[in-house]
Amino acid sequence: DFKDEMFDTPYRLLMKTPLVSACGLGSSLFHILANGDIYPCQIVAGMEEYKIADLDTFNDSYFQNNNWIERYKENSKRCFSCWAKPLCKFCPTRLLLESNSYILPESACVERRKLLEELILEVVRMRKDKNQWSHFMQRLEQKPVSFRESIN
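Analysis parameters
- Residues numbered from 1 in each chain as written.
- Predicted model: local features only at pLDDT ≥ 70, side-chain atom pairs only at ≥ 80, totals over all residues.
- Heavy atoms only, no water.
- Helix = DSSP H or I, 4+ residues; strand = E, 2+ residues; numbered from the N terminus.
- Buried < 20%, exposed > 50% of the residue type's maximum accessible area, 1.4 Å probe, protein only.
- Contact = heavy atoms within 4.5 Å.
- Areas by Shrake-Rupley, 256 points an atom, 1.4 Å probe, with all protein chains shown as cover.
- Axes fitted to C-alpha atoms, helices over the stretch in contact; angles between N-to-C directions.
- Nonpolar A, V, L, I, M, F, W, Y, C, P; charged D, E, K, R; others polar.
- Salt bridge = Lys/Arg side-chain N within 4 Å of Asp/Glu carboxyl O.
- Core = buried A, V, L, I, M, F, W, Y, C linked by side-chain atoms within 4.5 Å.
- Polar contact = N/O pair within 3.5 Å; in protein donor to acceptor, adjacent residues only side chain to side chain.
- Expected span 1.5 Å × (residues − 1).
- Pairing = 2+ DSSP bridges.
- Arc of directions from axis to C-beta.

1. Observations regarding the overall build of the protein chain
Right, so step 1: A count of helices and strands for the protein chain gives 8 helices and 3 strands.
Right, so step 2: When the helices and strands of the protein chain are placed in sequence order, the string is α-β-β-β-α-α-α-α-α-α-α.
Right, so step 3: The proportion of buried residues among the 152 residues of the protein chain is 34%.
Right, so step 4: Here the contacts in the protein chain between residues at least 6 apart in sequence split such that 56% fall between residues at least 24 apart.
Right, so step 5: Accessible area of the protein chain: about 10000 Å², with a carbon and sulfur share of 53%.

2. Regarding the packing of helix α6 (residues 106-128) against helix α7 (residues 130-142)
Right, so step 1: At a minimum axis distance of 5 Å, the contact between α6 and α7 shows a crossing angle of 115°. Contacts between α6 and α7 involve Val123, Arg125, Met126, Arg127 and Lys128 from the first element and Lys130, Gln132, Trp133 and Phe136 from the second.
Right, so step 2: Considered class by class, the residues forming the contact of α6 with α7 number 4 nonpolar, 1 polar and 4 charged.

3. Details of the pattern of salt bridges
Right, so step 1: Inspection of the entire model under this criterion finds 3 salt bridges.
Right, so step 2: Between Glu106 and Arg113 there is a salt bridge, and its shortest N-O distance comes to 3.0 Å.
Right, so step 3: The residue Arg125 makes a salt bridge to Glu122 at a minimum N-O spacing of 2.2 Å. One end of the pair is Arg125 and the other is Glu122, both in helix α6 and 3 residues apart, which spans about a single turn.
Right, so step 4: For Arg125, a relative accessible area of 41% gives the class partly exposed.
Right, so step 5: With a relative accessible area of 33%, Glu122 lands in the partly exposed category.

4. Things to note about the nonpolar core
Nonpolar side chains in soluble globular proteins tend to end up buried together.
Right, so step 1: If you look at the biggest cluster of nonpolar residues, it comprises 11 residues: Ala22, Cys79, Ala84, Leu87, Cys88, Phe90, Leu95, Leu104, Ala108, Cys109 and Leu116.
Right, so step 2: Element by element, the count of residues in this core is highest for α6, at 3 residues.
Right, so step 3: Grouped together as the second largest cluster of nonpolar side chains are 7 residues, Leu25, Cys41, Val44 and Leu96 included.

5. Here's the deal with the side chain of Asp37
Right, so step 1: Relative to the elements of secondary structure, Asp37 occurs in strand β2 (residues 37-39).
Right, so step 2: According to the relative accessible area criterion, Asp37 is buried, its value standing at 12%.
Right, so step 3: Within the structure, Asp37 has its side chain in polar contact with the side chain of Lys51 (distance 3.1 Å).
Right, so step 4: Leaving out residues up to four positions away in the same chain, Asp37 has contacts with His31, Ile32, Lys51, Ala53 and Asp54.

6. Examining α6
Right, so step 1: Helix length check: α6 (23 residues) gives 33 Å between terminal C-alpha atoms against 33 Å at 1.5 Å per residue, within 8%.
Right, so step 2: For α6, the complete set of buried residues consists of Ala108, Cys109, Arg113, Leu116, Val123 and Met126.

7. Concerning the sheet that holds β2
Where strands meet in a sheet, backbone hydrogen bonds hold them as pairs that are either parallel or antiparallel.
Right, so step 1: An order of β1-β2-β3 is seen for the 3 strands of this open sheet, with the pairing classed as antiparallel. One side of each edge strand has no neighbouring strand; the edge strands of this open sheet are β1 (31-32) and β3 (53-54).
Right, so step 2: Of the pairings in the sheet, the one linking β1 to β2 comprises 2 bridges and is antiparallel in character. From the neighbouring strand, His31 faces β2, where its bridge partner is Tyr39.

8. Focus: helix α5 (residues 92-99)
Right, so step 1: Regarding α5, the residues found buried are Pro92, Thr93, Leu95 and Leu96. Angular distribution of buried residues about the axis of α5 spans 160°; they occupy a single face of the element.
Right, so step 2: Looking one or two residues beyond α5, the residue adopting positive phi is Asn100, at roughly 55°.

In structure tokens form, the structure reads like this:
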């Protein structure tokens, strides 16, 4: 839900819970079809060339030999040295399908960093206004526990 997405980054910032990666692509998130086929992402679900396994053959060895995770890590090294990495989300699957690469174009990185800088400044501005801060924190607390747990 987009409304939850609006709170995700400020919540991470305030609760000091950084993102481990921009996406759980094939590492913590999967898409399983009704027939039991497993895909690393809902975007490629049903595309046979991206099928990981099925429920009968999936096991822990997948995590030791996961080419999705390895390709993502190898191709996103620039992200690891970026100050915004703990807060930045993007879709590696969409990038892969659109440009055959997991790497965000530099222009997208610049745009994301600018957006995060503005967000941080907005949080600081709200923090200075007692009423706004109280209202913002109340809205965060009203989020369901599932939202708050999904951030951690």
